[in-house]
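What follows is each chain in one-letter form.
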Amino acid sequence: MPRPAVAPPESHVETACPLDCPDACTLNVTLRGGRITRIDGSPKTEITRGYICAKVRGFHHRVYGEDRLLFPALRNGAKSAGTFRRYSWDEALDLIAERMLQIRAEYGGEAILPVSYGGSNGLLTQDTTDAMLFRRIGASRLLRTVCAAPTGAANLGLYGKMASVSYEDYPEARLIVLWGVNPGTSGIHLVPFIKEARKRGATLVVVDPRLTSLARQADVYLPVRPGTDLVVALALHRYLFEEGHADWSFLQEHTEGADALRERARPWTFERAAEVSGVAIETIRAFANLYAKSVPALVKCGWGLERNRNGGSAAAAILALPAVGGKFGVRGGGYSMSNSASWNIERTWLRDPEPPTRAINMNHLGRVLTDPDGTPIKMLFVYNCNPAVTMPDQNRVLRGLAREDLFTVVFDQVFTDTAQYADMLLPATTFLEHYDTAKSYGPVTMQLARPVIDQVGESRSNPDVFADLLRRLGLSDPADPADDLETMMQVLDGMPEPYGAELRERWSAHPPYNGRPIQFVDVFPRTANSKVRLFAEELDRQAPLGLYGFQPDPATAAFPLALISPASDRTISSTLGELRRPAVRLDVHPDDAAARGIEDGDAVRIFNELGEVRVAARVTPLVRRGTVAMPKGVWRRHTANGLTSNALVPDSLADLGGGACFNDARVQVEKTGKS
Ligand code: SF4
């Protein structure tokens, strides 16, 4: 696959979006004189339908923006002062290789920690030559748990990550439940399918602490207190089991552990669930009734509900609902969540086995950098990630990054908040400048992303740079790919057939079951005995109070408000934060604002024992009483004191999967100035 020739004055090129979003859109990029002037959705594909989000419509402002990294650079001032001296790639990579070898000789390979997560979801930007390098040098292993770990653990434990209902089948449902997910912001291409279902008469239920645009349209809305989704789901199970709505023939044939789940659900009456969750008892009852009676009924399990101490059990209880209620076996019925595993792709191109080195949960990055248990971390290699703003306990992370004895490499597209703490900066290509794959995890689609412009500045792709480093370290193998194109070939060769061949031929692969699998007709649990494990033992062992055990709210009299940080329509996690206009606001319910004398636009201080954040307040009934909200993905420049909501987030872990507890921050808010 040759790179495209220099573009004529005006042309259109198709590629695909590999960013961390469920939709993986097909893109139509307009070029003028070899520069991108417009990015839009291709009308040719059923999911994208000719439109994309505003974030990627403006992505060329990142590509050519003033924050773009254009060449390697070495720090030449105080740590975090942000002053650098230009370096050549040779100088930069030689120096990094030398420091790696030095650190390994003095402290062992585990003193090196790669930090990466989700800057792209493509198969090439992560876990190709980068993993070869860090495995061969014996670096500490990073557990990528900042997102989707509890839901992933629950899905794996109950169903072995069975493929789930895709967007195209939503219109078949008569009941759609959106639980902890806001497609109006993330995964926007689901919305037309929900609207189509509504037109055909489907009922919509939304469970969310915020009155999102879809929640405003819902027939039943449950403004659940953060961290209590579990008890609502258990109350539904209790109703199904105890009121004669459980599908016992399905349970006997296809599941195990139903009795244990029933036992754990038994205490959760509607009354008790209402008291704990803050949702009116009539609303929970109406939801349970609807769910019991509707066919096909579809539950979309999102990621908002997992970011707390009960998140894994909540996801498991939600995913168990269609099994207990007998909702499988029809188009549009069952559950819908990440479809990332639908293609059965094993990373066979990664031949090196994982070494038995120390595993570090990325949610503990601040802890590990400031108070190591064992070998200290002496080198951080950061790519596809901006940990200065995305990890819990931000103050501790920043203290760790500021360590003079820590050599930090930041390999990124733009000058992020983490780049400020770098010792060495390396410029990375964007997905418009390199090859990659775009595999959706909402619908079931896979396409190739191809370079539509030459690399900007001296930027290089991830596979290319890590392959180069392998050679400089004397760790390369003749079978290693040399650059991104060769890496792409190895990835395509390693895919189950016919996907690799199809991607080579026509840039997209035909999905299994036409991308519309019916659960328990086309696809079945990928567990050892193909049964749903409603009470998976390993999950029960892992959760502090056992599977489905509810851990109470961590609020105190001093810090009574739950702080949540939902995704926004401006950034993809923190990606594109450099383009977001300054000053985010804290959403506060009018009653909570009045109790504190806060008016719309007032300057406020949000604080707890971990730190404080200063922003302006937006007084709005769109957030439930007792909960305040600040957007996810905020950079330091967006608040008055340079700290984000993560400065208030504990680095405690969810009950399953070691996931982050972003929504377990409990805070107080006080007014500091007039609007
Ligand atoms: S971020 Fe999502 S909606 Fe936006 S272009 Fe990429 S896949 Fe499409």
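Residues numbered from 1 in each chain as written. Predicted model: local features only at pLDDT ≥ 70, side-chain atom pairs only at ≥ 80, totals over all residues. Heavy atoms only, no water.

Novice: What's the story with the sheet that holds strand β13 (residues 334-336) in this structure? I'm lost.
Specialist: The strands making up a sheet associate through backbone hydrogen bonding, with each pair oriented either parallel or antiparallel. With parallel pairing, the five strands of this open sheet are ordered in space as β10-β9-β8-β12-β13. Two strands in the sheet have a free side with no partner beyond their single neighbour: β10 (220-222) and β13. Here the average twist between neighbouring strands, direction ignored, is 15°. When strand β9 (residues 203-207) meets β10, the two strands line up parallel, connected through three bridges. Directly across from V207, in β10, lies its bridge partner L222. In the packing of helix α13 (residues 311-325) onto the sheet, the strands contacted are β8 (175-179), β12 (297-301) and β13, and the crossing angle to β12 comes to about 165°. (Pairing = 2+ DSSP bridges. Helix = DSSP H or I, 4+ residues; strand = E, 2+ residues; numbered from the N terminus. Axes fitted to C-alpha atoms, helices over the stretch in contact; angles between N-to-C directions. Contact = heavy atoms within 4.5 Å.)

Novice: Could you clarify how one ought to interpret the packing of helix α11 (residues 270-277) against helix α12 (residues 281-293) in this entry?
Specialist: Geometry of a packed helix pair, given as the angle between the helix axes and the separation of the axes. Relative to each other, α11 and α12 sit at 120°, their axes nearing to 9 Å. Classified by the angle their axes make, α11 and α12 are oblique. The crossing of α11 and α12 is right-handed. Of the residues in α12, those in contact with F270, E271, A273, A274 and S277 of α11 are I281, I284, R285 and A288. Its residues placed into classes, the contact of α11 with α12 shows six nonpolar, one polar and two charged. (Parallel < 35°, antiparallel > 145°, perpendicular 65-115°, else oblique. Left-handed = near helix turned anticlockwise from the far one by under 90°. Nonpolar A, V, L, I, M, F, W, Y, C, P; charged D, E, K, R; others polar.)

Novice: It is not clear to me how the packing of helix α8 (residues 229-242) against α12 should be interpreted in this structure. Could you clarify?
Specialist: Between α8 and α12, the shortest axis-to-axis distance is 10 Å and the interhelical angle comes to 55°. Here α12 runs oblique to α8, going by the angle between their axes. Taken as a pair, α8 and α12 cross one another with a handedness that is right-handed. Contacts between α8 and α12 involve A235, L236, Y239 and L240 from the former and I284, F287, A288, N289, Y291 and A292 from the latter. Its residues assigned to classes, the contact of α8 with α12 comprises nine nonpolar, one polar and no charged.

Novice: Which parts of the structure should I look at to understand the pattern of salt bridges?
Specialist: Pairs can form between side chains of opposite charge whenever their charged atoms are close. Under the defined criterion, the tally for this structure stands at 50 salt bridges. Here D464 makes a salt bridge to R460, at a shortest N to O gap of 3.1 Å. R460 shares its class with D464; the two are buried. Members of the salt-bridge network, linked through shared partners, are D90, D94, R460, D464, D468 and R472. (Salt bridge = Lys/Arg side-chain N within 4 Å of Asp/Glu carboxyl O. Buried < 20%, exposed > 50% of the residue type's maximum accessible area, 1.4 Å probe, protein only.)

Novice: Help me understand the site of the ligand in this model?
Specialist: Around the ligand, the surrounding shell consists of C17, C21, D23, A24, C25, I52, C53, V56, H189 and I572. Looking at the shell around the ligand, its residues break down into eight nonpolar, one polar and one charged. (Near = heavy atom within 4 Å.)

Novice: I tried to follow the nonpolar core on my own but got confused; where do I start?
Specialist: Generally speaking, soluble globular proteins have nonpolar side chains that are buried together. If you look at the biggest cluster of nonpolar residues, it comprises 70 residues, and the most contacted ones within it are L158, Y159, W179, L534 and Y548. The residues contacting L534, other than those within four sequence positions of it, are L158, L251, T255, E256, G257, A258, L261, A320, A323, V324, L547 and Y548. (Core = buried A, V, L, I, M, F, W, Y, C linked by side-chain atoms within 4.5 Å.)

Novice: Can you help me understand the packing of aromatic side chains in this one?
Specialist: We describe a pair of aromatic rings using the distance from one ring centre to the other and the angle between the two ring planes. On inspection of all chains with the given rule, the structure shows 27 aromatic pairs. For the ring pair Y159 and Y335, a centre distance of 4.7 Å and an interplane angle of 50° mean the geometry is tilted. Of this pair, Y159 sits in helix α5 (residues 149-159) while Y335 sits in strand β13, and the two are 176 residues apart along the sequence. Owing to a relative accessible area of 0%, Y159 belongs among the buried residues under this scheme. Owing to a relative accessible area of 0%, Y335 belongs among the buried residues under this scheme. Grouped by ring-pair contacts, the aromatic residues W89, F134, F381, Y383, F411 and F466 constitute a single cluster. Between the NZ or CZ atom of R272 and the centre of the ring of W268, over which it lies, the distance is 3.9 Å. (Phe/Tyr/Trp six-rings, centres within 6.5 Å; stacked < 30°, edge-to-face > 60°. Lys NZ or Arg CZ within 6 Å of the ring centre and 35° of its normal.)

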